[in-house]
Every structure is written in C-alpha cells, then in structure tokens.
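# Observations on chain architecture
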Amino acid sequence: MSSTQLRTIASVAVFAALIIASGMVSIPSPVAGVPIVLQNAFCVLAGLVLGPKRGTLAVAVFLLLGVIGLPVLPGGRTVLAAMAGPSAGYLVGYLFSAPIAGWISQGSLKRSTGVMTVGFAVAAVLALLSQYVFGVPVLMIRSGLDLQAAVTAQFAFLPGLVIKAIAITAISVAVVRALPDVR
C-alpha cells in the first residue's frame, strides 16, 4: 500500500472519528425531535479540509458505522434508528454536504488567505444549507408539518448555524494553510 493510500485511510478515519465524537454535543430543540448538534458542522469540515472525495468518504464511514448498529449519533442512537424519525433527511444531507463544501472551496485553495477565507465561508454556508434541503421535506412528512411551519421551525437552528459556519471556516482555513498537502 502506498503512503498516499495510507494517508487517505488515516485522514478519513480521523474525520469519521471526529464526526462521531462531535455527537457528544447535542442540545434539544423545539423542532419535532431534531436536536441541535455539532455533527452537521463536522461533516462540512471534513469536506473543507479533506476535499470532496475524502471528505465524503469520512461522512460515509460515519454513517455506515451507524447503519451497522454502532451508536454514532447523539443519545447513543444508531443511524438506522434515526432514519425512522424526523431527522432522517438531515442525515442524508450530511452525505451531500461534504462534497459540496469540498467542491466549492477548491477554487480558493491556492489564493490569498482572505480570498481563501471567503471561498471557504461560502462553501461552508452552502454546504450547511444543503443539509436543510434534505432535512426539511422529511421533517414535514414525519412530523405532519406544512412547508411554512417546517421552514419556520428551522429558525431555531439559525444562531447555531452562523456560529458553526464561522468556526468551521476559521478551523478549515487554518488547517489547510498549516498542512497544504492535507487535500
């Protein structure tokens, strides 16, 4: 096995573990059993730091571990258990958010720190919002909410979303600047 392959396996494993560990932070929300979590931000962080392919692999490993029955979600839940509830769409969105973050941020990799920061911020916001594109429809179906009620319910997540976008932008820019070969 080449050193590149070993580095890929290691980075994917580390980010899958970080995503799982971030599940220890969970705040109940008023939105039909969908908690405020850090895992969604770490899925985007994986795409920003590792790029679209390896970031997606890290999220896929995390989700697959939950599918086979490991308690990778807040409260010790498995992905299979969560797929029966109102947060199922958000979990699907996790898988799409990593490549979105990775693809969008690629254009700003070799730029000045300011341009890179703006590019990564845009990537982070769009990737986080993509999770809601998948989450809201499932929330509507599973919770019996109409579109207006489901969208209004998302306002509970906005302050955290802003904080997460700022934090993962700062972290990812710092990591990619310090370790330019990480992607």
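Per an unreviewed UniProt entry, the protein goes by the name Biotin transporter and belongs to Corynebacterium argentoratense DSM 44202. Looking at the protein in UniProt, the text filed under Sequence similarities (unreviewed entry) is "Belongs to the BioY family." Under the Subcellular location (unreviewed entry) heading, UniProt states for the protein: "Cell membrane".

## A closer look at the overall build of the protein
Helix and strand counts for the protein come out as 8 helices and 2 strands. Its C-alpha atoms give the protein a radius of gyration of 16 Å, within 12% of the compact-globule value 16 Å for 183 residues. For the protein, the C-alpha atoms occupy an extent of roughly 50 × 35 × 20 Å along the three principal directions. When each of the 183 residues of the protein is scored for burial, the buried share is 43%. Considering only contacts in the protein between residues 6 or more positions apart, those separated by 24 or more positions represent 71%.

## Notes on the packing of aromatic side chains
Overall, the coordinates contain 4 aromatic pairs when judged by the stated rule. Summarising the aromatic geometry, the rings of F62 and Y94 are spaced 6.4 Å apart at their centres and angled 25 degrees between planes, so their arrangement reads as stacked. Residue F62 is located in helix α3 (residues 52-67), and its partner Y94 is located in helix α5 (residues 88-106); the two are separated by 32 residues in the primary sequence. On the accessibility criterion, F62 (0% relative accessible area) is buried. Using a relative accessible area of 6% as the deciding quantity, one classes Y94 as buried. Ring pairing ties together the aromatic residues Y90, Y132 and F157, which thus form one cluster.

## Comments concerning the UniProt feature "transmembrane region" (unreviewed entry) in the protein
Under the UniProt annotation, the feature "transmembrane region" (unreviewed entry) is placed at residues 33-50, 57-73, 79-103, 115-135 and 155-179. Helix makes up 100% of residues 115-135 and strand 0%, whereas the separation of the span's terminal C-alpha atoms amounts to 31 Å.

## What about a nonpolar patch on the surface?
Residues I104, V118, V122, V125, L126 and L129 make up a contiguous nonpolar surface patch of roughly 460 Å² in combined accessible area. Ranked by the residues each element gives to the nonpolar patch, the list is headed by helix α6 (residues 113-143), at 5 residues. Its place among the elements puts V125 in helix α6. The exposure class assigned to V125 is partly exposed, which follows from its relative accessible area of 38%.

## Observations concerning the environment of G66
Here G66 shows up in helix α3. For G66, a relative accessible area of 0% corresponds to the buried category. When the C-alpha positions of G66 and F134 are compared, they lie 19 Å apart, and in sequence the two are 68 residues distant. Look past the residues within four positions of G66 in its chain and what remains in contact with it is V72, T78, V79 and L80.

## Some details on the layout of surface pockets
The volume enclosed by the largest pocket comes to roughly 170 Å³. Of the residues forming the lining of the largest pocket, the biggest block, 6 residues, is contributed by helix α8 (residues 158-178). Considered class by class, the residues forming the lining of the largest pocket number 12 nonpolar, 1 polar and 1 charged.

## Quick look at the packing of helix α1 (residues 3-21) against helix α2 (residues 39-50)
Where α1 meets α2, the axes come as close as 8 Å, and the angle between the chain directions of the two elements is 160 degrees. Between α1 and α2, the angle falls in the class roughly antiparallel. The handedness of the crossing between α1 and α2 comes out as right-handed. Seen from α1, the contacting residues are S11, V12, F15, L18, I19 and I20; seen from α2, they are Q39, F42, C43, L45, A46, V49 and L50. Partitioning the contact of α1 with α2 into residue classes produces 11 nonpolar, 2 polar and no charged.

Rules used in this analysis
Residues numbered from 1 in each chain as written. Predicted model: local features only at pLDDT ≥ 70, side-chain atom pairs only at ≥ 80, totals over all residues. Heavy atoms only, no water. UniProt positions renumbered as here; feature names shortened; annotations may be inferred. Helix = DSSP H or I, 4+ residues; strand = E, 2+ residues; numbered from the N terminus. Rg over C-alpha atoms; globule rule 2.2 N^0.38 Å. Buried < 20%, exposed > 50% of the residue type's maximum accessible area, 1.4 Å probe, protein only. Contact = heavy atoms within 4.5 Å. Phe/Tyr/Trp six-rings, centres within 6.5 Å; stacked < 30°, edge-to-face > 60°. Patch = residues over 30% accessible without salt bridge, like charges linked within 9 Å, V, L, I, M, F, W, Y side chains within 5 Å. Areas by Shrake-Rupley, 256 points an atom, 1.4 Å probe, with all protein chains shown as cover. Salt bridge = Lys/Arg side-chain N within 4 Å of Asp/Glu carboxyl O. 1 Å grid on protein atoms, 1.4 Å probe; cavity = no way out; pocket = protein on both sides within 12 Å on 5 of 7 lines; lining within 4 Å. Points joined across faces, edges and corners; volume = space filled by probe spheres on them. Nonpolar A, V, L, I, M, F, W, Y, C, P; charged D, E, K, R; others polar. Axes fitted to C-alpha atoms, helices over the stretch in contact; angles between N-to-C directions. Parallel < 35°, antiparallel > 145°, perpendicular 65-115°, else oblique. Left-handed = near helix turned anticlockwise from the far one by under 90°.

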